[in-house]
Amino acid sequence: MATKNPPDYRDRYCTHPNGNDGWWLELIQAFVKKLGYTGPLPKEASKEIFAAFDSEKAWRVESSFYQLLDFLREKQIGLGIISNWDLRLRGLLEKAGLLKEFSPVIISAEFGYEKPSPRIFQEAEKLSGRPPSQLIYVGDKLELDYYPSQALGWDSYLLTQTKESELPKGCRYIRNLADLLELKDWKI
């Protein structure tokens, strides 16, 4: 499905001919076809799979997130989200009790563009009210997260378990979110 992304990093969910749910139905059908299932996918099966990802139980919060969150609260530093996700993310964050912790929350399906488009990062910068030199970005994909935010002058880190020797030279990385507490100069 990633090979079918719209041009100019337009969001895949809002540009799909059948919308958000249609994109997921097409993905589920492609997946079961790869598994060897050739018949039409029963509607109930696709609804069940779709619903599974609508539950906060299908997701986990990175283990050191709350340690970082406590630190940021103490220092009165804001936390935001830039996500290539569908229209369910805000609800998932709410169910998990996390939505109130983030501002801004920019979701590609709502915004219309997805990472690595500079537009989505520039929107976050605008909404934060901070210059690029004061923004820190952590993501788990070099092409979608690290390089685009770095190109805009943000302080970027790759969240990864990849061996350092396998990362691009000079790539700044962390193993968990709490690593930021030791790596970053937090003078405010």
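Shown above is the structure to which this text applies.
Fair warning: this is a prediction, and the values are worked out from it, not measured in the lab.

**Here's the deal with the overall build of the protein**
In terms of helices and strands, the protein carries nine helices and five strands. Along its sequence from the N terminus, the protein presents helices and strands in the succession α-α-α-α-β-α-β-α-α-β-α-β-β-α. Principal-axis analysis of the C-alpha atoms places the extent of the protein at approximately 60 × 35 × 35 Å. Relative to its 188 residues, the protein shows a buried fraction of 38%. Across the protein, the fraction of contacts at a sequence separation of at least 24, relative to all contacts at a separation of at least 6, is 47%. Entry remark: accessible area of the protein is about 11800 Å², with carbon and sulfur atoms responsible for 53%. Counting 26 positive and 27 negative side-chain charges, the protein places the centres of these two groups 2 Å from one another.

**Examining helix 7 (residues 118-128)**
For an α-helix, 3.6 residues make a turn, and residues three or four places apart therefore share a direction. Taken as a whole, helix 7 has its buried residues at Ile-120, Phe-121, Ala-124 and Glu-125. Buried residues in helix 7, looked at end-on, bunch into an arc of 140°, giving them a common side. Lining the buried residues of helix 7 we find strand 1 (81-83), strand 2 (105-107), helix 6 (108-111), strand 3 (136-139) and helix 8 (142-151).

Basis of the calculations
- As a convention, each chain's residues are numbered from 1 in the sequence order in which they are written.
- Given that this is a predicted model, residues contribute local features only at a pLDDT of at least 70 and side-chain atom pairs are listed and counted only at 80 or more, while totals for whole chains, interfaces and linings are drawn from all residues.
- Excluding hydrogens and water, the side-chain values take into account all heavy atoms of the structure.
- By the criteria applied, helices consist of DSSP H or I runs no shorter than four residues and strands consist of E runs no shorter than two, each listed in order from the N terminus.
- Only protein chains enter the calculation, and the probe is 1.4 Å; a residue is then buried if its accessible area is under 20% of its type maximum, exposed if over 50%, and partly exposed in between.
- Contacts are assigned to residue pairs that have any heavy atoms within 4.5 Å of one another.
- The Shrake-Rupley method, run with a 1.4 Å probe, gives the accessible areas here. Residue values count only the displayed protein chains as cover.
- When charges are counted, Lys and Arg contribute as positive and Asp and Glu as negative, whereas His and the chain ends are disregarded.
- One atom stands in for each charge, and that atom is NZ of Lys, CZ of Arg, CG of Asp or CD of Glu.
- It is the directions from the helix axis to the C-beta atoms whose arc is reported.

Just geometry here; none of it tells us what the structure is for.
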